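Listed here are the chains, written in short residue letters.
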Amino acid sequence: MNIHELQEKISEKEFDFVRGILNITPNVRVFLVGGIVRDALLGRENPDYDFVVENIEIDKLVEILKGYGRVTDVSGRNFGVIKFTPEGEKRQFDLSIPRTERYQSGKRRSDAEVKTDKVTLKDDFMRRDFTVNAIAIPLNKVISTKSDPLSSRATGRESRDLLEDSSASVGMTGNDGLMEIYDLFGGVEDIQNKIIRAVGDPEERFEEDPTRILRAVRFACRLDFEIEPETFSAMKKLKGEILKTFEKEDGTKLQRVSNEMIGIEIAKAIEGNPIKFLSLFDDLGLLPELLPEIEKLKGVEQPIEWHSEGDAFVHTKLVVSNIPADSSLELKLAALFHDIGKYDTREPKTVNQLISKSANQQTIHFYGHDKVSVEKARLILNRYRFKKDLIENVSWLIENHMRIMSFPQMRIFKQKDMARHPQFLNLIKLSEADDAATIPTTAKKSVFLPTVREIVKQLEEEEKAGKPRQILNGNEIIELLKREKPGFDIKSEGKLIGELKRKVNEEYDEGLIKSKNEALDWLRSNV
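Residues numbered from 1 in each chain as written. Predicted model: local features only at pLDDT ≥ 70, side-chain atom pairs only at ≥ 80, totals over all residues. Heavy atoms only, no water.

**Remarks on the overall build of the chain**
Here's step 1: A tally of regular secondary structure across the chain gives 26 helices and 16 strands.
Here's step 2: In the chain, which comprises 527 residues, the share counted as buried stands at 49%.
Here's step 3: Sequence separation of 24 or more characterises 64% of the internal contacts of the chain that already satisfy a separation of 6 or more.
Here's step 4: Summing over all exposed atoms, the chain offers an accessible surface of approximately 26200 Å²; the carbon and sulfur share of this is 47%. (Helix = DSSP H or I, 4+ residues; strand = E, 2+ residues; numbered from the N terminus. Buried < 20%, exposed > 50% of the residue type's maximum accessible area, 1.4 Å probe, protein only. Contact = heavy atoms within 4.5 Å. Areas by Shrake-Rupley, 256 points an atom, 1.4 Å probe, with all protein chains shown as cover.)

The structure is reproduced here in C-alpha cells:
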C-alpha cells in the first residue's frame, strides 16, 4: 500500500468513526501515526492503524466512539490509550490522546508515569523511539476533502498552527494528489535513506526502555535499513540494560526486558533477515548477552577436509545466508541453531592410515552434536517463550539434519516415513543450505539429495493417484486378531497391535504388499 492508496483507504466506511470525531468536536485534530505511515511511504502492507487524537479528553473520545462501535478495552484509559472495533468490523484500532512518559531509572517502560493533560503531538513524538516512527498524517483535511486530494496540502502557516509552531511538514505525492506528512525529526528523509535513527538523544531513548535496542535490530532486519552510527554506539553501550534486574516494592526481581519480549523481538528480526540479525547481534555484542550458545561457536575448529570455510561460527553464518528469504521462521531458526552442540562435542581423534599419511595426525569429530544441538535449541527457545509447536518443528529439523545424509541407505519405508513429516521440505532446504556452506578440500560433497527428491516425487505421485498412506489401520488389525487368535485381549495386546501395524505397513511401503487382501493374508500368517 502506498500513500495514495492509504488516503483512499481511510476515506472508506470502516473509518467513519474518524469523520464522527471531527464532526462532533470541530477543534479536534486526528492523526494517523507511526508504522502505518512509515510502511505506506515504503509501499509495504501494514494492517495496524494507530491514531492520535489531539485536543480532546479521553472520556469524551470513548463516548464518541461508542456511537460507532465497541470500545473493547479501556484498561489503558489512564495511559491515554483505548482499543476500538467499528460496528460490523473485526479489525481493532488503537486510538490515543497525546501523552508523555516520565521513566523511572532502571525499571520497565510500563512503570513510567504518564501525563496526558495539555500534551501536544510534538510532546508525544519526542517520547517515541525512532524518527521513522515519529511521523503522522493529519486526517482533518483528508477526511473532509476526500474528493479533492490536492486540497489536502496544508500551507506552512496551517502546519505550524497544528503543531504549535514547532513542526516540519513534507508534501508526499500520490498518483493524483498530495498528502501532508508531519515530520518533526526528519523521519521521511531517514526512510528515503533507509536509516534507523533514535529520536533525540539515543542514550536517553535506550536508557528509558532497552527494548528499543532490540526493536532497532528488528526494524533494520525487516526493512533492510542501516542503523545510524550514533544510535548504534548507544545500543552497544547500553546493551547490558536488557538483562539488568530491578526489585519491585514487594521484593520481586524482574528483568528490565522480559524473556518473552526478547523472544518476540528476536523472532521478528530473524523472520525478516536472519543473516543480518546474526551480524548485528555479533557487531553489537549481543550474542554473549542473549545467545551465548552461538557466541561459543567462534574458534571451534572443524576438520579441514570437510570445512575449509572456517570455524563453526563462520559455517553457521554461511548456512543462514543460504536460507531462502521467504522461508519459514522454523527453518531460519533451525539453520541458526543446527550446530550449536559442536562446542560441547568437539573431540580430536587420530586419523587412520586410510585417511592420513601420518599415524599421529589428528582430525576433529563432533559425535552426537545433532542431539546436543537439539537440547540447546530447546533451552534457548523455551528461555524466550517460543510456542511449543514451533519448538518441536525446529527440534525435528536439527535432529534430522545429519540423519538425512544416510537417506539413500535407508529402507524405503523409513525414507517414506521421514519424507511424510510436515517439515521434510524444510529439512531438504536446510540440507541444501548446509551442503552449500560446507566447503571440502578433498572429500566429495553430499550425494543424498537426488534420492531425497526421488522419494518426494514418488509420494506426490502416490497421493495424486489416491494411494492410501497405510494399508491397514489399528481397528482392522484388532478385528482380525479377535477372529484369528483365541483368547485375544485388547488390553494386554496393545504392543502386539502396534508391532503388527508397523510391520504390515512397512511391507506395503516396500511394495511387497499391494492390496488389502494381501495385507490380511500377511497378518494371518504372522499371527
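**Points about the pairing of strand 4 (residues 81–86)**
Here's step 1: Relative to strand 5 (residues 93–96), strand 4 is paired through four bridges, and the arrangement is antiparallel. Among the inter-strand pairings, Ile82 is bridged to a residue of strand 5, identified as Leu95.
Here's step 2: Joining the antiparallel neighbours strand 4 and strand 5 is a turn of six residues, in which Gly88 adopts a positive phi near 80°. (Pairing = 2+ DSSP bridges.)

**What to know about the environment of Asp129**
Here's step 1: The residue Asp129 is located in the loop between helix 5 (121–126) and strand 8 (135–138) in this model.
Here's step 2: Sequence separation between Asp129 and Phe206 is 77 residues, and the spatial gap between their C-alpha atoms is 8.4 Å.
Here's step 3: Among all residues touching Asp129, those that are not within four sequence positions of it are Arg197, Ala198, Val199, Arg205, Arg212, Arg215 and Phe219.
Here's step 4: A distance of 3.1 Å separates polar atoms of two side chains, one belonging to Asp129 and the other to Asn133. (Polar contact = N/O pair within 3.5 Å; in protein donor to acceptor, adjacent residues only side chain to side chain.)

**As for the environment of Asp370**
Here's step 1: Within the secondary structure layout, Asp370 lies in helix 19 (residues 369–383).
Here's step 2: Along the sequence, Asp370 and Phe337 sit 33 residues apart, while their C-alpha atoms lie 9.8 Å from each other.
Here's step 3: Ignoring any residue separated from it by four or fewer positions in sequence, one finds Asp370 in contact with Ile398, Glu399, His401 and Met402.

**Some details on the pairing of strand 5**
Here's step 1: Pairing of strand 2 (residues 50–54) with strand 5, which is carried by three bridges, proceeds in the parallel orientation. Considered in strand 5, the bridge of Val52 is made with Ser96.

**Observations concerning the pattern of salt bridges**
Here's step 1: One pass over the structure, following the stated rule, counts 41 salt bridges.
Here's step 2: With its nearest N and O atoms 2.9 Å apart, the salt bridge here joins Arg128 to Asp124. For the pair shown, Arg128 and Asp124 are each scored as buried.
Here's step 3: When salt bridges that share partners are traced, they join Lys416, Arg420, Glu462, Lys467 and Asp509 into one network. (Salt bridge = Lys/Arg side-chain N within 4 Å of Asp/Glu carboxyl O.)

**Topic: the side chain of Glu330**
Here's step 1: One can find Glu330 in helix 17 (residues 329–337).
Here's step 2: Within the buried set, Glu330 has no salt-bridge partner at all; the shortest N-O distance to an opposite charge, 9.6 Å, is to Lys332. (Lys, Arg positive; Asp, Glu negative; His and termini not counted.)

**Quick notes on the packing of helix 12 (residues 259–272) against helix 17**
Here's step 1: Between helix 12 and helix 17, whose axes approach to 9 Å, the crossing angle comes to 95°. Considering their axes alone, helix 12 and helix 17 lie roughly perpendicular with respect to each other. Counting all contacts with helix 12, which are made through Ala267, Ile270 and Glu271, the residues of helix 17 involved are Leu329, Lys332, Leu333 and Leu336. (Axes fitted to C-alpha atoms, helices over the stretch in contact; angles between N-to-C directions. Parallel < 35°, antiparallel > 145°, perpendicular 65-115°, else oblique.)

**Structural notes on the nonpolar core**
Here's step 1: Judged by nonpolar contacts, the single largest core of 118 residues is most densely connected at Phe51, Leu95, Phe337 and Phe424.
Here's step 2: Among the elements that make up this core, the one with the highest residue count is helix 10 (residues 211–223) (eight residues).
Here's step 3: Of all hydrophobic cores here, the second largest spans 16 residues; its members include Leu500, Ala519, Leu520 and Leu523. (Core = buried A, V, L, I, M, F, W, Y, C linked by side-chain atoms within 4.5 Å.)

**Notes on the packing of aromatic side chains**
Pairs of aromatic rings are described using the distance from one ring centre to the other and the angle between the two planes.
Here's step 1: Applying the stated criterion to the full structure yields 14 aromatic pairs.
Here's step 2: When the centroid spacing of 6.0 Å and the interplanar angle of 35° are considered together, the rings of Phe407 and Phe424 count as tilted. In this pair, Phe407 is assigned in the loop between helix 20 (388–400) and helix 21 (412–419) and Phe424 in helix 22 (residues 424–437), connecting sequence segments 17 residues apart. With respect to burial, Phe407 and Phe424 carry one shared label: buried.
Here's step 3: Chaining the aromatic ring pairs together yields one cluster made of Phe15, Phe17, Tyr49, Phe51, Phe84 and Phe93.
Here's step 4: Over the face of the ring belonging to Phe313 we find Lys298, whose NZ or CZ atom lies 5.2 Å from the ring centre.
Here's step 5: Taking NZ or CZ as reference, Lys467 lies 4.7 Å from the ring centre of Tyr508, over its face. (Phe/Tyr/Trp six-rings, centres within 6.5 Å; stacked < 30°, edge-to-face > 60°. Lys NZ or Arg CZ within 6 Å of the ring centre and 35° of its normal.)

**Comments concerning the packing of helix 10 against helix 13 (residues 274–284)**
Relative orientation and spacing of two packed helices are given, respectively, by the angle between their axes and the distance between those axes.
Here's step 1: Viewed as axis vectors pointing N to C, helix 10 and helix 13 meet at an angle of 145°, and their least axial separation amounts to 9 Å. Considering only the axes of helix 10 and helix 13, their crossing is right-handed. Of the residues in helix 13, those touching helix 10 at Leu214, Val217, Ala220 and Cys221 are Lys276, Phe277, Leu280, Phe281 and Leu284.
Here's step 2: Split by residue class, the contact of helix 10 with helix 13 holds eight nonpolar, no polar and one charged. (Left-handed = near helix turned anticlockwise from the far one by under 90°. Nonpolar A, V, L, I, M, F, W, Y, C, P; charged D, E, K, R; others polar.)

**Overview of the confidence of the model for the chain**
Here's step 1: Of the residues in the chain, 85% have a pLDDT of 70 or more, and the chain-wide mean is 85.
Here's step 2: Confidence drops under a pLDDT of 50 for residues 171–177, and excluding neighbours within four residues, the segment shows 17 contacts in the predicted structure.
Here's step 3: This stretch, residues 350–360, has a pLDDT under 50; its non-local contacts, to residues over four places away or in other chains, come to 12 contacts. (pLDDT = per-residue confidence, 0-100.)

**Some details on helix 10**
Here's step 1: Here helix 10 is 13 residues long and its end C-alpha atoms lie 18 Å apart, about the 18 Å a rise of 1.5 Å per residue gives.
Here's step 2: Burial of helix 10 is extensive: 11 of the 13 residues sit out of reach of the surface.
Here's step 3: Within the span of helix 10, buried status applies to Thr211, Arg212, Ile213, Leu214, Ala216, Val217, Arg218, Phe219, Ala220, Cys221 and Leu223.
Here's step 4: Where helix 10 terminates, the next one or two residues include Asp224, which has phi positive at roughly 60°. (Expected span 1.5 Å × (residues − 1).)

**Remarks on a nonpolar patch on the surface**
Here's step 1: Together, Val314, Leu318 and Ile439 make up an exposed nonpolar region whose accessible area comes to about 190 Å².
Here's step 2: Its location among the elements puts Leu318 in helix 16 (residues 312–322).
Here's step 3: Using a relative accessible area of 30% as the deciding quantity, one classes Leu318 as partly exposed. (Patch = residues over 30% accessible without salt bridge, like charges linked within 9 Å, V, L, I, M, F, W, Y side chains within 5 Å.)

**Comments concerning unusual backbone geometry**
Here's step 1: With a phi close to 70°, Asn55 is a non-glycine residue in the positive phi region.
Here's step 2: Considering the arrangement of structural elements, one finds Asn55 in the loop between strand 2 and helix 4 (58–65).
Here's step 3: Of note, Arg385 is a non-glycine position whose phi angle comes to about 60°, a positive value.
Here's step 4: Judged by its relative accessible area of 54%, Arg385 falls in the exposed class.

**Quick look at helix 24 (residues 474–484)**
Here's step 1: Regarding helix 24, the residues found buried are Gly474, Ile477, Ile478, Leu480 and Leu481. Down the axis, helix 24 shows its buried residues gathered within 165° of arc, on one side only. Relative to its buried face, helix 24 has exposed residues pointing more than 90 degrees away, namely Asn475, Lys482 and Arg483.
Here's step 2: Check the buried side of helix 24 and you find it contacts helix 25 (494–509) and helix 26 (516–526). (Arc of directions from axis to C-beta.)

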